[in-house]
Amino acid sequence: MEKLVQKACEMRQFAHAPHSHFQVGAALLTQDGTIIGGCNIESDSYGLTICAERNAIFTAYAQGHRKFQALSIAMNSNSTPCGACRQIIVELCGNIPVYIADLTGSIVTFQSYDLLPHHFTLTT
Ligand code: THU
């Protein structure tokens, strides 16, 4: 968990957040032990912004990974993932632990299914 949280914290420095100045880093641990990072990238056309968590998850999928052990997110306030990211986390990663770190070093842990109960899915 410490290594994953450390990677999420490191990824924050790559955030491109000229509009919100809210930097977010994420790190996803795959089943084979690979750690894949992501950060938020904002656009002048605000709606095109991608969150750090989705950036990491989509990157992992693009590299062929399909099974995951855990996700870490580093945010500069006591916050939790947005609704869009919650849907993508449960849909593409399943029920995994999500370690959320703030800048003080405090970490809170949620199961992804607890972050989005009764999530939408096309399969049952
Ligand atoms: N953001 C994330 O990267 N993850 C979240 O779960 C919530 C929000 C980003 C999007 C935007 O660049 C900035 O934080 C402010 O909303």
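Residues numbered from 1 in each chain as written. Predicted model: local features only at pLDDT ≥ 70, side-chain atom pairs only at ≥ 80, totals over all residues. Heavy atoms only, no water.

In the UniProt entry, the feature "binding site: substrate" (unreviewed entry) is given for N40, I41, E42, S43, D44, S45 and Y46. Relative to the helices and strands, D44 resides in the loop between β2 (35–39) and α2 (52–62). A polar atom in the side chain of D44 sits 2.8 Å from the side chain of H19. Here S45 lies in the loop between β2 and α2. A relative accessible area of 44% means that S45 is categorised as partly exposed. (UniProt positions renumbered as here; feature names shortened; annotations may be inferred. Helix = DSSP H or I, 4+ residues; strand = E, 2+ residues; numbered from the N terminus. Polar contact = N/O pair within 3.5 Å; in protein donor to acceptor, adjacent residues only side chain to side chain. Buried < 20%, exposed > 50% of the residue type's maximum accessible area, 1.4 Å probe, protein only.)

Tracing the backbone through its elements, the reader meets N40 in the loop between β2 and α2. Reaching out from N40, the side chain makes a polar contact with the backbone nitrogen of V24 at a distance of 2.9 Å. Apart from residues no more than four positions distant in its own chain, N40 is found in contact with A15, H16, A17, F22, Q23, V24, I50, C51 and A52. (Contact = heavy atoms within 4.5 Å.)

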